[in-house]
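Structural description and commentary
Read off the chains here:
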Amino acid sequence: MTIPHHPVAVVGAGLGGLTLARVLHVHGVEAAVFDADASPDARTQGGMLDIHDDSGQEALRAAGLHEAFLARVHPGGQALRVLDQDGTLHLEESDDGSGGRPEIDRGELRGLLLDSLPEGTVRWGVKVTGARPLGDGRHEVTLADGGAFTTGLLVGADGAWSRVRPLLSPARPAYTGVSFVEADLLDADARHPRAAGVVGGGMLFALGAGRGFLGHRESDGSLHIYAAVEAPEDWLDGIDFTDTEAAKAAVLKEFDCWHESLRALVAEADGPLVPRRIHALPAGHRWTRTPGVTLLGDAAHLMSPFAGEGANLALADGADLGLAVAAHPGDTEGALAAYEERMFPRAEASAAESARSGATLFRADAPHGLLRMFAGHDD
């Protein structure tokens with residue numbers, strides 16, 4: 001029985017995979033995108049993203065979507081507040097619209113990319129379980145439903161636990177030593193005015209030794225909060241997240257001496273709390289050029305979120321790979337070599353910056369390390 005063949009197959013319909021498909025479409029190259037989610041709305045897409053003018057925005061220009069992106073950014077979202085654990089304000093910056101990192105809701109950005117693709121580009125509800133080389137750069141990809149397809153160019157855009165990565169590298173993400181607990185406060189100005197005042201109009205850093213509250217105001221007026229704790233990898237296993245009040249108490253125990261206005265960011269949360277361990281691949285993760293397959297985004301260079309680079313790198317990777325394929329018609333290996341030569345050093349620098357930023361945020365004198373970093377001082 002003949003199985004389907006796709007000249008370009010992208011595993012994962014996140015920001016990077018969709019950007020790749022869009023740039024290829026702009027240049028007349030068809031791609032098939034496969035995603036395990038049943039539909040685009042199968043799960044929430046996370047909070048706000050700051051899209052950098054020298055990476056993410058350049059990718060959106062290559063995709064022909066920059067103006068549409070600017071029409072969707074969150075006014076005031078680049079505002080910033082830095083507090084210590086006592087609630088003392090150390091830095092406050094307003095958003096006058098001149099910054100180079102406008103904020104957009106991740107779901108809005110993903111929707112913009114999806115809407116820019118021809119109908120049927122993304123195959124929903126298709127879970128990839130593995131892949132094997134067939135020779136001459138071709139691969140067979142196996143699916144959870146027992147099906148399979150072949151492809152001449154396989155792109156793993158399938159995130160931290162990529163099923164494509166083992167074709168290229170034995171590396172697996174490792175725990176960074178930091179865990180997050182996510183919380184949402186809805187209709188914050190009306191229902192949670194104290195928390196709304198603490199977060200302000202954009203991003204909040206409230207930091208102490210080994211822990212902190214990171215948060216941002218979303219475009220719908222809600223607050224998305226990350227309670228960050230330096231903790232053993234099994235710390236979250238000891239919290240019953242099916243009992244929201246008990247989970248809140250367990251998390252707040254880590255912030256016993258913190259100001260009540262900051263503790264309220266978790267105490268007043270609406271809905272369940274969501275645990276997240278922060279993992280990363282080694283900084284400088286690379287592989288030997290392997291015919292017919294590559295990775296982008298978190299599949300290639302998962303890093304901690306502390307430099308705000310993850311989404312921007314995924315966008316840049318997708319655009320760069322699409323442009324490389326378009327610039328090397330009939331020469332897949334030339335395209336992949338050109339893409340990886342550009343991607344590897346960029347990802348290594350960003351991963352190192354993310355690790356340094358994470359160490360700075362939660363050091364013993366927090367938030368002063370962050371304040372020095374914002375002031376342009378290296379410690």
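What you are looking at is a predicted structure, and each value in this text was computed from that prediction instead of being measured. (Residues numbered from 1 in each chain as written. Predicted model: local features only at pLDDT ≥ 70, side-chain atom pairs only at ≥ 80, totals over all residues. Heavy atoms only, no water.)

Concerning the pattern of salt bridges
Enumeration according to the criterion identifies 20 salt bridges in this entry. Put simply, Glu92 and Arg81 hold a salt bridge, and the shortest N to O gap is 3.1 Å. Separated by eleven residues along the polypeptide, Glu92 in strand E5 (residues 89-93) and Arg81 in strand E4 (residues 80-84) bring together distant segments of the chain. Note that Arg191 and Asp270 form a salt bridge whose closest N and O atoms lie 2.9 Å from each other. (Salt bridge = Lys/Arg side-chain N within 4 Å of Asp/Glu carboxyl O. Helix = DSSP H or I, 4+ residues; strand = E, 2+ residues; numbered from the N terminus.)

A word on the packing of aromatic side chains
Applying the stated criterion across every chain yields a total of nine aromatic pairs. Feature note: the residues Phe180, Tyr226, Phe306 and Phe362 constitute an aromatic cluster, connected by ring pairs. (Phe/Tyr/Trp six-rings, centres within 6.5 Å; stacked < 30°, edge-to-face > 60°.)

Observations concerning the packing of helix H7 (residues 244-252) against helix H8 (residues 260-267)
Between H7 and H8, the least distance of the axes is 9 Å, while the angle of their chain directions is 145 degrees. For the pair H7 and H8, the sense of crossing is right-handed. Where H7 approaches H8, its residues Lys248, Val251 and Leu252 are matched on the opposing element by Arg263, Val266 and Ala267. Considered class by class, the residues forming the contact of H7 with H8 number four nonpolar, no polar and two charged. (Axes fitted to C-alpha atoms, helices over the stretch in contact; angles between N-to-C directions. Left-handed = near helix turned anticlockwise from the far one by under 90°. Contact = heavy atoms within 4.5 Å. Nonpolar A, V, L, I, M, F, W, Y, C, P; charged D, E, K, R; others polar.)

What about empty space enclosed by the protein?
This structure, assessed with the given rule, holds one cavity of 30 Å³ or more. As a volume, the largest cavity reaches approximately 50 Å³. What lines the largest cavity is Leu281, Pro282, Ala283, Gly284, His285, Ala300, His301, Leu302, Phe344, Ala347, Glu348 and Ala351. Among the secondary structure elements, those contributing two or more residues to the lining of the largest cavity are helix H9 (298-301) and helix H11 (332-361). Per-element accounting of the lining of the largest cavity gives the leading share, four residues, to H11. Among the residues forming the lining of the largest cavity, the class breakdown is eight nonpolar, three polar and one charged. (1 Å grid on protein atoms, 1.4 Å probe; cavity = no way out; pocket = protein on both sides within 12 Å on 5 of 7 lines; lining within 4 Å. Points joined across faces, edges and corners; volume = space filled by probe spheres on them.)

Points about the environment of Gly47
If you trace the backbone, Gly47 turns up in the loop between strand E2 (32-35) and strand E3 (48-50). For the pair Gly47 and Arg106, spaced 59 residues apart in sequence, the C-alpha to C-alpha distance is 5.9 Å. When residues no more than four places from it in sequence are discounted, the contact partners of Gly47 are Ile104, Asp105, Arg106, His216 and Glu218.

Quick word on the nonpolar core
By size, the foremost hydrophobic cluster in this structure holds 58 residues, and its most contacted members are Val10, Ile51, Leu109 and Leu321. In this structure Leu321 touches Leu20, Val155, Thr294, Leu296, Leu336 and Tyr339, once residues within four positions along its chain are discounted. Tyr175, Val181, Ala188 and Trp235 belong to the second largest nonpolar core, which has 32 residues in total. (Core = buried A, V, L, I, M, F, W, Y, C linked by side-chain atoms within 4.5 Å. Buried < 20%, exposed > 50% of the residue type's maximum accessible area, 1.4 Å probe, protein only.)

Re the environment of Ala71
Relative to the elements of secondary structure, Ala71 occurs in the loop between helix H3 (66-70) and E4. Judged by its relative accessible area of 65%, Ala71 falls in the exposed class. Sequence-wise, Ala71 and Ile104 are 33 residues apart; in three dimensions their C-alpha atoms are separated by 9.8 Å.

Here's the deal with the environment of Lys253
Looking at the element boundaries, Lys253 is found in the loop between H7 and H8. The exposed category is assigned to Lys253, whose relative accessible area is 61%.

Section: the packing of helix H10 (residues 310-327) against H11
Across the interface, H10 lies against H11 with an axial gap of 8 Å and an inter-helix angle of 160 degrees. One finds that H10 runs roughly antiparallel with respect to H11. Here H10 runs over H11; the crossing is right-handed. Listed contacts from H11 to Leu313, Ala316, Asp317, Asp320, Leu321, Ala324 and Val325 of H10 are Ala335, Leu336, Tyr339, Arg342, Met343, Arg346, Ala347 and Ser350. When its residues are assigned to classes, the contact of H10 with H11 shows ten nonpolar, one polar and four charged. (Parallel < 35°, antiparallel > 145°, perpendicular 65-115°, else oblique.)

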